[in-house]
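# A look at the structure
One letter stands for each residue in the lines below.
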Amino acid sequence: MTDTPFVPSFDEPTGEGRKLAIICSKGTLDMAYPGLILGNSALGEGIETHLFFTFWGFDMINKKTQGNLKATLLGNTAMHMPQGLGGIPGMTHLATSQLKKAIAELDIPEVPDFLDQIVASGGHLWACRLSADMNHLTEADLRDDVEGIISASDFIEMTAGAQLLFI
Amino acid sequence: MPTTTIAGTQVEVNEEGFLSNPDDWNETLGTEFARLIGVEMSEEHWRLVKFLREDYKSQGETPTLRRVSTQLGLPVKQLFTMFPGKPAKKMSYVAGVPKPKGCV
């Protein structure tokens, strides 16, 4: 009975020192989720995770818009519907509510709640300086847990050695 | 399937070291699993582990962190404090159930 028990190696070797940075550049509901899901999973694996919001991705952290992202048929042939339908009034609303329903059925949180969970799990949220300036937004317009509005070079510096995902 | 000796008992584990058969689990094993990964079991830890086991039994799969958090009313932050680093995997290991398959 002297053998060492076989125990899962939870703390090595992936977690230690691995770092992930996700650039969220889209403001549609469907494209908000890939970054949130991957970021959340990385945190669950003990990986230091940073989310950087730029351009349309700002809608994900803008207090006014974060709960109100939409999905559209337009420009998305993967919806497998005639593109002409997408322009009919009400279609964006319909696509959005369908998607929201599908997401809720899988017990996946809405965008603001998902970001809450990511921050509670130790994730870091950053906003892009240029996007803020272009849209005349300040820190007061953004979620309180956004750690700062930073420049592109700050971001590059901060993510030295990190794995990068552009979404 | 490899076997390993935990708390003086021979148990069957999978290739990652998780208990192969959730029915082989008991509290002594749970305590020892926790000790082996550096987790000290509090009353809250036991409540969580018991929920994991019951939910696994009734749902047929291990709950994800989000489900644990919403069902038990425990903030996600606290789950990371109780099982640092990789909470979902660590709590399922201690509870003797497979690691969760869900993404969120």
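Computed from a predicted structure; not experimentally measured.

### Some words on the pairing of strand 3 (residues 124–128) of chain A
All names here are of chain A. The buried fraction of strand 3 is high, at four of five residues. In this sheet, strand 3 lies alongside strand 2 (residues 48–53) in parallel orientation, the contact comprising four bridges. Directly across from Leu51, in strand 3, lies its bridge partner Leu125. Relative to strand 4 (residues 146–150), strand 3 runs parallel, the two being bridged by three bridges. Paired with Ala127 across the bridge in strand 4 is Ile149.

### A word on the pattern of salt bridges
Scanning the model with the defined rule gives 14 salt bridges over all chains in all. One salt bridge in this structure joins A:Lys19 and A:Glu48, with 4.0 Å as the shortest N-O distance. Pair noted here: A:Lys19 is in strand 1 (residues 19–24) and A:Glu48 is in strand 2, with a separation of 29 residues, a long-range link. With relative accessibility at 37%, the residue A:Glu48 sits in the partly exposed group. A salt bridge links B:Lys50 to B:Glu27, with the nearest nitrogen and oxygen atoms 3.2 Å apart. One end of the pair, B:Lys50, is in helix 2 (residues 43–59); the other, B:Glu27, is in helix 1 (residues 27–36), and 23 residues separate them in sequence. Judged by its relative accessible area of 36%, B:Lys50 is partly exposed.

### Some points on the interface of chain A and chain B
Chain A puts 24 residues into the contact, and the matching count from chain B is 26 residues. With both sides pooled, the region where chain A packs onto chain B buries about 2,200 Å², and carbon together with sulfur makes up 61% of that total. Viewed at the interface, chain B and chain A are joined by three salt bridges. Notably, a salt bridge pairs A:Glu45 with B:Lys89, separated by 3.0 Å at the nearest N-O pair. The interface formed by chain A and chain B holds six residue pairs in polar contact (both at pLDDT 80 or more) in total. Mapped by element, the contributors of at least two residues to the side of chain A that touches chain B are helix 1 (29–44) and helix 4 (111–120) of chain A.

### Some remarks on the nonpolar core
Within the largest apolar cluster, 40 residues are counted, with the highest numbers of intra-cluster contacts made by A:Tyr33, A:Leu36, A:Leu51, A:Phe53, A:Val111 and A:Leu115. When residues of this core are traced back to their parent elements, those giving at least two are strand 1, helix 1, strand 2, helix 4, strand 3 and strand 4 of chain A. Excluding residues that lie within four positions of it along the chain, A:Leu36 makes contacts with A:Leu51, A:Met60, A:Val111, A:Phe114, A:Leu115 and A:Ile118. Counting 33 residues, the second-largest nonpolar core is a separate cluster that includes B:Val13, B:Ile37, B:Val68 and B:Leu74.

### What to know about the sheet that holds strand 5 (residues 163–166) of chain A
All names here are of chain A. Spatially, five strands are ordered 4-3-2-1-5 in an open sheet, and the strand pairing comes out parallel. Every other strand in the sheet has two partners, leaving strand 4 and strand 5 as the edge strands with one partner each. The average angle at which neighbouring strand axes cross in this sheet is 20°, direction not considered.

### Comments concerning the state of the cysteines
This model, assessed by the stated rule, comprises zero disulfides over all chains. Considering cysteine sulfurs only, A:Cys128 is the nearest to A:Cys24, which forms no disulfide, with 12 Å between them.

### A few points about the packing of helix 2 of chain B against helix 5 (residues 87–95) of chain B
Residue and element names in this part refer to chain B. The N-to-C vectors of helix 2 and helix 5 enclose an angle of 80°; their axes lie 9 Å apart at closest approach. In terms of their interaxial angle, helix 2 and helix 5 are classed as roughly perpendicular. Residue-level inspection shows Leu48, Val49, Leu52 and Arg53 of helix 2 in contact with helix 5, the latter providing Met91, Ser92, Val94 and Ala95. Residue classes in the contact of helix 2 with helix 5 are distributed as six nonpolar, one polar and one charged.

Cut-offs applied
Residues numbered from 1 in each chain as written. Chains lettered and ligands numbered in written order. Predicted model: local features only at pLDDT ≥ 70, side-chain atom pairs only at ≥ 80, totals over all residues. Heavy atoms only, no water. Buried < 20%, exposed > 50% of the residue type's maximum accessible area, 1.4 Å probe, protein only. Helix = DSSP H or I, 4+ residues; strand = E, 2+ residues; numbered from the N terminus. Pairing = 2+ DSSP bridges. Salt bridge = Lys/Arg side-chain N within 4 Å of Asp/Glu carboxyl O. Contact = heavy atoms within 4.5 Å. Buried area = accessible area lost by both parts, 1.4 Å probe. Polar contact = N/O pair within 3.5 Å; in protein donor to acceptor, adjacent residues only side chain to side chain. Core = buried A, V, L, I, M, F, W, Y, C linked by side-chain atoms within 4.5 Å. Axes fitted to C-alpha atoms, helices over the stretch in contact; angles between N-to-C directions. Disulfide = S-S within 2.5 Å. Parallel < 35°, antiparallel > 145°, perpendicular 65-115°, else oblique. Nonpolar A, V, L, I, M, F, W, Y, C, P; charged D, E, K, R; others polar.

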